Structure formats: structure tokens, C-alpha cells
Amino acid sequence: MVEEEPKIKAIEGVTSPTIIGLCLGGAVFVLCMAALTCFCYRQRRNHNAKRHGPDQPLAFHTHRRPTAVKSPAGTTTHYLKKSPSPTGPSKTPPGMSAPHTPSPTGSSSGSMAGPLESGVSNGSDKVEQSTTMKDVYTTENEVHTPTKEEMETNEKNLQQSASYLGQLVFKLRYKHDKNALIVSVVRCRDLPAKDPNLGSSDPYVKLQLLPDKQHKVKTRVLRKTRNPVYDEDFTFYGINFNQLPNITLHFVVLSFDRYSRDDIIGEVFCALNSVDVTQIENQQMALCREIQPRSLKIRSQGRGELLVSLCWQPAANRLTVVVLKARNLPKMDVTGLADPYVKIYLLYNGQRIAKKKTHVKKRTLSPVFNESFVFDIPAGGEGLDNVSLEFLLLDWDRVTKNEVIGRLEMGGAKCTGTALHHWKEVCNSARRQIADWHKLRE
């Protein structure tokens, strides 16, 4: 008799959506259990933190910001600075209540002030603790005491730092076999910040040899720095050793500006007759010079005078301006000369509407221009009431930005002195050419 094998039948009614639903339910259950466990753990940790108090980590405490406190005696101008101790309980001056700020070691700062305020401890403890507090109070007073002399010294240092433009370091060497002078621009130190937004500059250095002004070179621009390091060598050929005492090195330190003319930081003059040139024959000589402002030489010499002639022609509505000459101009170069020229602006209602300029007169302090310019006055105006002239006398320079020596304003609200008298005379005397000397101002 043959036994029949058990028959296995497939379970009917179980489909794939049912299996997916069971899996999602299990996942939701696991997430709920994890959230419940995390919540219980946090509740337990907060309960332990409240129970232990000072034993909790320092990161959960809020420290009071250190404040300056006046002397409790009221007889001195000394100041104290309270701050929690990083290694132990904080100390406070006598008569001051200690802030309840726990130290990193777990002790409370209020424990020291307790015996002093309560008066329960014996006399020896009081004397010892009061002596300790007095020593701390005296030491902090000595550290934070500003005297009159120190305040005056600080003010002087601030004034000096305002006019301090930094230093330029360079090296010199001469090679006999090549008749060449080698100048190495090494670095600049402590330059002022020409970009107030970034607190830095984009400096570079220009160099030329005076008095010829023929050899002109410049370094690369270094971005966003006040202490640039260049280490660039410049070789000037065709210079005999006997010519060195007659040569002056002229360095100009500038800050690059992408959108306008580069800002001049200052300049350095190094006359080689003040240097022991015998030392640069065999080895390199390092020199350091303080950078000087460009306007220093103008302030010490004055700005000179300008002779101009004006003629008002109301019928043609024209103003003729003749720039004749200048005198007593300041020495702008080491050679004791300047390269002056004049710019003229016509202003109508305070706005510049026309510009003219003369030719450059090389190497002279008493230039003669004799150049005439005609300006057309806008129609609709009543004479020269809304018209004014502005004269700028500049020193031309191939290497740097042309520097303004002085200016003169005729007409307008800023016109005073001889310029005002000259302007009134021109307005009241039509078709007459009237000339006069005027001092140039800053």
C-alpha cells in the first residue's frame, strides 16, 4: 500500500500590495520606538543636570561680560577690570559682591565672598582674606593706571602715525665691467591703507634717475597688502663710476586703482653723493628710507603767482582768457626746477562746461606761456553773473600723476581778494583786456 505524499497548496489571496503595506508598517513602528527612546534619554539628562547644578559642563553657563569698575575708595581715578578666573574662583575687590559664575574647576565664586559678608569666621581668617583681596586690588590698579604723561605720549604717537607713510628698502650695486648701476627694490613696510573698505592697498614702486629723467622703470603691482615684497632688480647701463655722485634716485610709491588715477602714497629721494659709493663696487649695499609725502616741498616754498588777462565781449557772448606767465613757483624736482602748465575750466552755475590747457614749459620756475583761449558763454544768461573760471597750475611728470601746484578761482562764491577785484573790473569794462597778478592757493 503506497502512502500518499502531503500536498502543498499555494496561499491564495496574498498579493504584492499586502506585502508592501506590512513593510511600511514595520518601518513606522521602528521610527516611533527610536523617537520615544531619544525623548526619554533627553528627559533623563535634563533631570540629572538640574539635580547636580555646578557639575554641569561650562558650555551651558552664561558668563557675564567683564566690566570696568571704579575704585570703591572714590579718591583715585584707577580702574579695575573684573573677569572670571580660568583656573579657579574669581576674585572681587573688597565691598563688591562676587558674581555667581562657576569656574571651570567647578567651584563657585560666591564661596570667597561668604566669610567677608557674614562676619561669622574668626579674626585671623578675616585679616588673611582681606589682605589677599587688598593685594589683588593693588596689583590690578597698578596695571590699569593711565597717567597724564602716558596719555600725552599716546596722543603724540597717534599724530606721528597719521603722517607716517612707511619705509622703502632697496639695494645698490655697481659693475665696472658693464658700466652698470643695479638698483634692487626689495620691499615696503607699514604702508597706509588707500582702500578704506579693505584696509589695504595695491602698491607698486616707480623709479627714475635724476636729473636726466631718462631711465624710468617700475615694479609689478602686489594686491591687497601693506607690506609688499618685490625683490626686483633694475640695471641702468652706460653710467660711468664718476657720474654716480651726480645721480639721485627718485622712488615714487603708488597704489593701483582700476577705475581712476593711481593714488600717490609718497616718494623717496636718495642722492648718491650721500652714499659711500666705494662700498657698492664689490658688494651690494642695503638702504632703508622713510617715505615722505609729495606735498611737503610745496608747503615749505609757497605756490607762486600767475598773471592772467581777461576780456568780456557781450555782443559776441565770448570771454577771452590769456595766460601770460607765472613766477616764484616751488621747486618740484631735485634739480630745483619744475615742468609747469595751466588748465582752465569754464563753470556755468557751478558746473564745468569747457576746458582748455597750455603747453608744458620744461625745467623752469618762471614759465612764459602767452597763450590765448576763447570761451563761448551759454545764451540766456545775464552777463557773467552765473559764470566763473578756475585755473590749475600743474607740474607735468612722465612717471607719476601730474601734481597740482596751486589753483586760482575767478567769479563765483569762492572768489576773494585781488581775484574778486579783477573779476568785477572785467564785468564792468566790456571789450577791455585787463591783466593782473594773482597768488595761487592750495
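Source: prediction; values computed, not measured.

## Here we look at the overall build of the protein chain
Across its full length, the protein chain holds six helices and 18 strands. Within the protein chain, contacts between residues at least 6 apart in sequence are counted, and of these 61% link residues at least 24 apart.

## Side note on the UniProt feature "transmembrane region" (unreviewed entry) in the protein chain
Under the feature "transmembrane region" (unreviewed entry), the UniProt entry names residues 19-41. Across residues 19-41 one finds 100% helix and 0% strand; the C-alpha atoms that close the span lie 34 Å apart.

## Here's the deal with the pattern of salt bridges
Per the counting criterion, the structure on display carries seven salt bridges. The closest approach of N and O atoms between Arg318 and Asp376, which form a salt bridge, is 3.3 Å. Highlighted residues: Arg318 in strand β12 (residues 318-327) and Asp376 in strand β15 (residues 368-376), separated in sequence by 58 residues. Here Asp376 falls in the exposed class, since its relative accessible area comes to 53%. Here the salt bridges do not stand alone but share partners, grouping Arg352, Glu390 and Arg407 into one network.

## A short note on the sheet that holds strand β5 (residues 203-210)
Spatially, the four strands line up as an open sheet ordered β6-β5-β8-β9, and their pairing is antiparallel. This sheet does not close on itself; its edge strands, each paired only once, are β6 (216-218) and β9 (263-271). Strand-to-strand twist of the sheet, defined as the mean angle between neighbouring strand axes without regard to direction, takes the value 20°. Direction of pairing for strand β8 (residues 248-255) relative to β9: antiparallel, over a ladder of eight bridges. Bridge pairing in β9 links Val253 to Gly266.

## Topic: the environment of Asn428
Along the chain, Asn428 falls in helix α6 (residues 417-428). Note: C-alpha distance between Asn428 and Trp312 (116 residues apart in sequence) is 9.1 Å.

## Considerations on the pairing of strand β13 (residues 340-348)
Judged by how many residues are buried, β13 sits mostly within the fold: nine of nine residues are covered. Along β13, one buried face is formed by Pro340, Val342, Ile344, Leu346 and Tyr348 and the opposite face, lined by Tyr341, Lys343, Tyr345 and Leu347, is buried too. Across nine bridges, the pairing between β13 and strand β16 (residues 387-395) is antiparallel. The residue bridging Leu347 from the neighbouring strand is Ser388, located in β16. As paired strands, β13 and strand β14 (residues 351-357) are joined by six bridges and run antiparallel to one another. If you follow Tyr345 over to β14, its bridge partner there is Lys355.

## Quick look at a positive patch on the surface
A surface patch of positive charge is lined by Lys194, Arg261, Lys355, Lys357 and Lys401. With respect to the helices and strands, Lys401 occurs in the loop between β16 and β17 (403-410). The exposure class assigned to Lys401 is partly exposed, which follows from its relative accessible area of 32%.

## Looking at the nonpolar core
The biggest cluster of nonpolar side chains holds 38 residues, and the ones touching the most others in it are Leu168, Leu181, Leu244, Leu249 and Phe251. Among the elements of the structure, β3 (167-175), β4 (180-189), β5, β7 (229-237), β8, β9 and β10 (285-290) are those that each provide at least two residues to this core. The element that contributes the greatest number of residues to this core is β8, accounting for five residues. If we ignore the near neighbours within four places in the chain, the residues touching Leu249 are Phe170, Leu172, Leu181, Val183, Leu207, Gln208, Leu209, Val268, Phe269, Cys270 and Leu272. Residues Ala326, Leu346, Phe369 and Leu408 belong to the second largest nonpolar core, which totals 34 residues.

## Structural notes on unusual backbone geometry
In this structure, Pro211 follows Leu210 across a cis peptide bond, with omega equal to 10°. Examined against the element boundaries, Pro211 turns out to sit in the loop between β5 and β6. Not every positive phi belongs to a glycine, and Asn179 is a case in point at roughly 50°. Secondary-structure assignment places Asn179 in the loop between β3 and β4. Judged by its relative accessible area of 32%, Asn179 falls in the partly exposed class. One non-glycine residue, Asp231, adopts positive backbone phi at about 55°. Position of Asp231 among the secondary structure elements: in strand β7.

## Comments concerning the environment of Leu440
Turning to its location among the elements, Leu440 is positioned in the segment after β18 (434-439). Not counting residues up to four positions away in its chain, the partners in contact with Leu440 are Arg303, Gly304, Glu305, Leu306, Leu393, Gly406, Arg407 and Leu408.

## Digging into the packing of aromatic side chains
Applying the stated rule across the entire model yields two aromatic pairs. Ring centres of Phe170 and Phe251 lie 4.7 Å apart, and the angle between their planes is 35°; this geometry places the pair in the tilted category. With Phe170 in strand β3 and Phe251 in strand β8, this residue pair connects regions lying 81 residues apart in the sequence. Exposure class is identical for Phe170 and Phe251. Each is buried.

## Considerations on α6
Given 3.6 residues to a turn, an α-helix orients residues that are three or four positions apart in the same direction. With twelve residues, α6 should cover 16 Å at 1.5 Å per step; its first-to-last C-alpha distance of 17 Å lies within 8% of that length. All of the buried residues along α6 are Ala419, His422, Trp423 and Val426. Projected down its long axis, α6 carries its buried residues within an arc of 100°, all on one side. Facing away from the buried side of α6 by more than 90 degrees, the exposed set consists of Gly417, His421 and Asn428. Tucked into the core, α6 has its buried residues touching β11 (305-313), β12, β16, β17 and β18.

## Regarding the confidence of the model for the protein chain
Mean pLDDT over the protein chain: 76, with 67% of residues reaching 70 or higher. The low-confidence segment residues 126-144, where pLDDT is below 50, has 23 contacts with residues more than four positions distant or belonging to other chains.

The rules behind each value
- Residues numbered from 1 in each chain as written.
- Predicted model: local features only at pLDDT ≥ 70, side-chain atom pairs only at ≥ 80, totals over all residues.
- Heavy atoms only, no water.
- Helix = DSSP H or I, 4+ residues; strand = E, 2+ residues; numbered from the N terminus.
- Contact = heavy atoms within 4.5 Å.
- UniProt positions renumbered as here; feature names shortened; annotations may be inferred.
- Salt bridge = Lys/Arg side-chain N within 4 Å of Asp/Glu carboxyl O.
- Buried < 20%, exposed > 50% of the residue type's maximum accessible area, 1.4 Å probe, protein only.
- Pairing = 2+ DSSP bridges.
- Axes fitted to C-alpha atoms, helices over the stretch in contact; angles between N-to-C directions.
- Patch = residues over 30% accessible without salt bridge, like charges linked within 9 Å, V, L, I, M, F, W, Y side chains within 5 Å.
- Areas by Shrake-Rupley, 256 points an atom, 1.4 Å probe, with all protein chains shown as cover.
- Lys, Arg positive; Asp, Glu negative; His and termini not counted.
- Charge placed at Lys NZ, Arg CZ, Asp CG, Glu CD.
- Core = buried A, V, L, I, M, F, W, Y, C linked by side-chain atoms within 4.5 Å.
- Phe/Tyr/Trp six-rings, centres within 6.5 Å; stacked < 30°, edge-to-face > 60°.
- Expected span 1.5 Å × (residues − 1).
- Arc of directions from axis to C-beta.
- pLDDT = per-residue confidence, 0-100.

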